[in-house]
Amino acid sequence: MRDVFRVRVRLLWVFEDPPGAVAMRLATRMDAVAVPSRSAQMPANAVVVPPAVDTARYAPPLSRSDAQRALGLPEGSLYIGWLGPGDPGGFVRAMITLCREDRRIRGVIRTAPIPRPVAEIRNAGLHHRIRFAPGGDDLAWLQALDGCVADDPDDLPARQAMACGVPICEPGLAPLRALIRGTHEPLPDPSTLSEAARQRALDALRAQLLR
(Lines give C-alpha, C1' and ligand atoms only; values in the text may rest on other atoms or scores of the structure.)
Protein backbone atom coordinates (compact mmCIF):
# COMPACT_ATOMS: atom_id res chain seq x y z
CA MET A 1 0.00 0.00 0.00
CA ARG A 2 2.82 2.38 0.86
CA ASP A 3 4.60 1.78 -2.47
CA VAL A 4 1.50 1.62 -4.70
CA PHE A 5 -0.49 4.56 -3.34
CA ARG A 6 2.44 6.57 -1.98
CA VAL A 7 0.74 6.67 1.41
CA ARG A 8 2.92 7.86 4.28
CA VAL A 9 2.59 4.90 6.66
CA ARG A 10 4.91 2.79 8.75
CA LEU A 11 4.72 -0.98 8.40
CA LEU A 12 5.13 -3.31 11.37
CA TRP A 13 5.28 -7.10 11.18
CA VAL A 14 4.85 -9.24 14.29
CA PHE A 15 6.42 -12.70 14.02
CA GLU A 16 4.83 -15.41 16.17
CA ASP A 17 6.14 -18.58 14.50
CA PRO A 18 9.51 -19.36 12.87
CA PRO A 19 9.32 -17.47 9.55
CA GLY A 20 9.59 -19.15 6.17
CA ALA A 21 11.44 -17.85 3.12
CA VAL A 22 8.48 -15.78 1.87
CA ALA A 23 7.93 -14.19 5.28
CA MET A 24 11.62 -13.33 5.56
CA ARG A 25 11.51 -11.59 2.16
CA LEU A 26 8.41 -9.63 3.16
CA ALA A 27 10.07 -8.66 6.43
CA THR A 28 12.77 -6.79 4.53
CA ARG A 29 10.05 -4.45 3.21
CA MET A 30 8.85 -3.58 6.71
CA ASP A 31 9.90 -0.54 8.69
CA ALA A 32 10.13 -2.70 11.82
CA VAL A 33 9.65 -6.30 12.84
CA ALA A 34 8.66 -7.42 16.35
CA VAL A 35 9.59 -10.91 17.58
CA PRO A 36 8.84 -12.49 20.99
CA SER A 37 12.30 -14.04 21.36
CA ARG A 38 15.76 -13.92 19.84
CA SER A 39 16.55 -16.64 17.29
CA ALA A 40 18.82 -17.38 14.34
CA GLN A 41 15.83 -16.96 12.00
CA MET A 42 14.86 -13.48 13.10
CA PRO A 43 15.16 -10.73 10.45
CA ALA A 44 18.01 -8.24 10.77
CA ASN A 45 15.57 -5.37 11.41
CA ALA A 46 13.75 -7.18 14.22
CA VAL A 47 13.19 -5.81 17.72
CA VAL A 48 12.73 -8.37 20.49
CA VAL A 49 9.62 -7.69 22.60
CA PRO A 50 9.62 -10.53 25.14
CA PRO A 51 6.59 -11.51 27.22
CA ALA A 52 6.43 -9.80 30.60
CA VAL A 53 6.35 -11.68 33.90
CA ASP A 54 4.34 -10.58 36.92
CA THR A 55 7.40 -10.42 39.19
CA ALA A 56 5.22 -9.58 42.19
CA ARG A 57 3.62 -13.03 41.86
CA TYR A 58 6.44 -15.07 40.33
CA ALA A 59 9.26 -14.79 42.84
CA PRO A 60 11.63 -17.18 44.67
CA PRO A 61 9.98 -19.03 47.57
CA LEU A 62 11.04 -18.37 51.14
CA SER A 63 12.04 -22.05 51.26
CA ARG A 64 12.26 -24.36 48.25
CA SER A 65 12.12 -27.35 50.60
CA ASP A 66 8.82 -26.08 52.02
CA ALA A 67 7.49 -25.59 48.48
CA GLN A 68 8.40 -29.20 47.64
CA ARG A 69 6.87 -30.47 50.87
CA ALA A 70 3.62 -28.63 50.11
CA LEU A 71 3.33 -30.65 46.88
CA GLY A 72 4.03 -33.92 48.70
CA LEU A 73 7.40 -34.39 47.00
CA PRO A 74 9.97 -36.60 48.77
CA GLU A 75 12.70 -34.63 50.51
CA GLY A 76 16.41 -34.84 49.78
CA SER A 77 16.01 -34.89 45.99
CA LEU A 78 16.87 -32.55 43.12
CA TYR A 79 13.77 -31.81 41.04
CA ILE A 80 14.36 -31.01 37.38
CA GLY A 81 11.34 -29.88 35.37
CA TRP A 82 10.48 -29.86 31.70
CA LEU A 83 8.35 -26.89 30.62
CA GLY A 84 7.94 -27.60 26.91
CA PRO A 85 6.51 -26.90 24.47
CA GLY A 86 6.98 -29.89 22.21
CA ASP A 87 7.85 -33.54 22.72
CA PRO A 88 9.55 -34.34 26.07
CA GLY A 89 11.18 -37.49 24.64
CA GLY A 90 14.70 -36.02 24.62
CA PHE A 91 14.27 -34.76 28.19
CA VAL A 92 13.03 -38.19 29.32
CA ARG A 93 16.02 -39.99 27.79
CA ALA A 94 18.47 -37.54 29.35
CA MET A 95 16.75 -37.87 32.72
CA ILE A 96 16.88 -41.68 32.56
CA THR A 97 20.66 -41.42 32.17
CA LEU A 98 20.99 -38.87 34.97
CA CYS A 99 18.72 -40.82 37.35
CA ARG A 100 20.96 -43.85 36.89
CA GLU A 101 24.03 -41.72 37.67
CA ASP A 102 22.62 -39.90 40.71
CA ARG A 103 19.96 -41.23 43.08
CA ARG A 104 18.98 -37.72 44.19
CA ILE A 105 17.60 -36.69 40.81
CA ARG A 106 13.91 -36.70 39.94
CA GLY A 107 12.13 -35.40 36.86
CA VAL A 108 8.85 -33.50 36.61
CA ILE A 109 7.14 -33.16 33.21
CA ARG A 110 4.49 -30.45 33.22
CA THR A 111 2.31 -31.91 30.47
CA ALA A 112 -0.27 -34.66 30.08
CA PRO A 113 1.28 -38.15 29.74
CA ILE A 114 2.49 -39.09 26.25
CA PRO A 115 2.52 -42.85 25.48
CA ARG A 116 6.06 -43.26 24.13
CA PRO A 117 7.91 -41.34 26.90
CA VAL A 118 5.69 -43.08 29.49
CA ALA A 119 6.76 -46.46 28.07
CA GLU A 120 10.44 -45.44 28.09
CA ILE A 121 10.20 -44.41 31.74
CA ARG A 122 8.48 -47.67 32.74
CA ASN A 123 10.92 -49.80 30.77
CA ALA A 124 13.76 -48.08 32.63
CA GLY A 125 12.05 -48.83 35.96
CA LEU A 126 12.02 -45.13 36.84
CA HIS A 127 8.28 -44.32 36.92
CA HIS A 128 8.63 -43.43 40.62
CA ARG A 129 11.33 -40.83 39.85
CA ILE A 130 10.27 -39.31 36.52
CA ARG A 131 6.64 -38.25 36.59
CA PHE A 132 4.13 -36.42 34.45
CA ALA A 133 2.45 -33.70 36.48
CA PRO A 134 -0.10 -31.81 34.38
CA GLY A 135 -2.44 -29.26 35.89
CA GLY A 136 -2.23 -27.74 39.34
CA ASP A 137 -0.82 -24.37 40.29
CA ASP A 138 2.03 -23.39 37.95
CA LEU A 139 3.53 -21.08 40.57
CA ALA A 140 3.62 -23.84 43.22
CA TRP A 141 5.41 -26.21 40.84
CA LEU A 142 7.89 -23.60 39.60
CA GLN A 143 8.84 -22.66 43.16
CA ALA A 144 9.42 -26.34 43.96
CA LEU A 145 11.86 -27.00 41.09
CA ASP A 146 15.64 -26.98 41.51
CA GLY A 147 16.15 -26.52 37.77
CA CYS A 148 14.31 -26.91 34.50
CA VAL A 149 14.70 -27.41 30.79
CA ALA A 150 13.07 -25.13 28.22
CA ASP A 151 13.26 -25.16 24.44
CA ASP A 152 13.13 -21.36 24.39
CA PRO A 153 14.38 -19.32 27.39
CA ASP A 154 12.31 -16.34 26.19
CA ASP A 155 9.08 -18.35 26.31
CA LEU A 156 6.74 -17.15 29.07
CA PRO A 157 6.89 -20.32 31.26
CA ALA A 158 10.70 -20.24 31.16
CA ARG A 159 10.77 -16.56 32.13
CA GLN A 160 8.32 -17.26 34.96
CA ALA A 161 10.63 -20.03 36.19
CA MET A 162 13.63 -17.69 36.13
CA ALA A 163 11.64 -15.11 38.11
CA CYS A 164 11.10 -17.85 40.71
CA GLY A 165 14.88 -18.30 40.95
CA VAL A 166 14.93 -21.56 38.98
CA PRO A 167 18.00 -22.13 36.78
CA ILE A 168 17.15 -22.85 33.12
CA CYS A 169 19.06 -24.90 30.58
CA GLU A 170 18.47 -25.94 26.99
CA PRO A 171 17.55 -29.56 26.16
CA GLY A 172 20.33 -32.14 26.14
CA LEU A 173 22.39 -34.27 28.49
CA ALA A 174 25.42 -31.94 28.63
CA PRO A 175 23.41 -28.80 29.54
CA LEU A 176 21.55 -30.78 32.21
CA ARG A 177 24.80 -32.00 33.73
CA ALA A 178 26.08 -28.40 33.78
CA LEU A 179 22.87 -27.27 35.48
CA ILE A 180 23.16 -29.97 38.16
CA ARG A 181 26.83 -29.10 38.76
CA GLY A 182 25.89 -25.43 39.09
CA THR A 183 27.98 -24.34 36.12
CA HIS A 184 24.99 -23.13 34.05
CA GLU A 185 24.49 -19.52 32.97
CA PRO A 186 23.72 -17.16 35.89
CA LEU A 187 20.11 -16.17 36.42
CA PRO A 188 19.02 -12.81 34.98
CA ASP A 189 18.16 -9.84 37.12
CA PRO A 190 14.39 -10.14 37.84
CA SER A 191 13.93 -6.56 36.61
CA THR A 192 14.80 -7.73 33.08
CA LEU A 193 11.75 -10.04 33.14
CA SER A 194 9.22 -7.46 34.24
CA GLU A 195 6.57 -5.41 32.49
CA ALA A 196 8.94 -2.42 32.70
CA ALA A 197 11.50 -4.30 30.59
CA ARG A 198 8.82 -5.13 28.03
CA GLN A 199 7.81 -1.47 27.91
CA ARG A 200 11.43 -0.50 27.23
CA ALA A 201 11.44 -2.89 24.27
CA LEU A 202 8.18 -1.40 23.01
CA ASP A 203 9.66 2.10 23.36
CA ALA A 204 12.63 1.03 21.23
CA LEU A 205 10.20 -0.31 18.65
CA ARG A 206 8.21 2.95 18.61
CA ALA A 207 11.42 4.94 18.19
CA GLN A 208 12.36 2.79 15.21
CA LEU A 209 8.95 3.36 13.61
CA LEU A 210 9.01 7.12 14.18
CA ARG A 211 12.43 7.73 12.65
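The residue numbering used here restarts from 1 in each chain and proceeds along that chain's sequence as written. Restriction of local features to residues with pLDDT of at least 70 applies here, the model being predicted, together with a cutoff of 80 or more for giving and counting side-chain atom pairs; totals for whole chains, interfaces and linings are based on all residues. The basis for every side-chain value is the complete set of heavy atoms in the structure, and neither hydrogens nor water enter the calculation.

(A) Seen up close, the overall build of the chain. Put simply, DSSP marks the helices as runs of H or I at least four residues long and the strands as runs of E at least two long, and each gets a number from the N terminus on. The number of helices and strands found in the chain is 9 helices and 8 strands. Three exposure classes are used, based on accessible area relative to the maximum for each residue type with a 1.4 Å probe and protein chains only: buried under 20%, partly exposed in between, and exposed over 50%. Looking at the chain residue by residue over its 211 residues, the buried ones come to 42%. It only takes one pair of heavy atoms within 4.5 Å for two residues to be counted as in contact. Within the chain, counting contacts between residues at least 6 apart in sequence, those at least 24 apart form 58% of the total. Where accessible areas are quoted, they stem from the Shrake-Rupley method and a 1.4 Å probe; at the residue level, only the protein chains shown are allowed to cover. When the accessible surface of the chain is split by element, carbon and sulfur atoms take 55% of a total near 11700 Å².

(B) Expanded view of the pairing of strand β5 (residues 105-109). Most of β5 sits inside the fold, with 5 of its 5 residues counted as buried. Traced from strand β4 (residues 78-82) through helix α4 (residues 89-101) to β5, the parallel crossover comes out right-handed. Bridging between β5 and strand β6 (residues 130-132) involves 3 bridges; their strand directions are parallel. In the strand pairing of β6, Gly107 is matched with Ile130. When the strands point away from the viewer, a crossover counts as right-handed if the route from the first strand across the helix to the second turns clockwise. In this fold, β5 hands off to helix α5 (residues 115-123), which returns the chain to β6; that crossover is right-handed. Following DSSP output, two strands are said to pair if at least two bridges run between them.

(C) Broad picture of the pairing of β4. Most of β4 is tucked away, with 4 of its 5 residues classed as buried. Here β4 pairs with β5 via 5 bridges, running parallel. Bridge pairing in β5 places Trp82 opposite Ile109.

(D) Examining the sheet that holds β6 more closely. Strand order in the open sheet formed by 5 strands is β6-β5-β4-β7-β8, with parallel pairing between adjacent strands. Only two strands of the sheet have a single partner each, and these edge strands are β6 and β8 (168-169).

(E) The arrangement of the pattern of salt bridges in detail. Should a side-chain nitrogen of Lys or Arg be within 4 Å of a carboxyl oxygen of Asp or Glu, the pair is scored as a salt bridge. Per the counting criterion, the structure on display carries 7 salt bridges. A salt bridge links Arg69 to Asp66, with the shortest nitrogen-to-oxygen separation between them at 2.5 Å. Here Arg69 and its partner Asp66 are both found in helix α3 (residues 64-70), 3 residues apart, which amounts to about one turn of the helix. The class for Asp66 is partly exposed, based on a relative accessible area of 44%. Where Arg104 meets Asp102, a salt bridge forms, and the shortest distance between an N and an O atom there is 2.7 Å. Connected through salt bridges with shared partners, the residues Asp66, Arg69 and Glu75 form a single ionic network.

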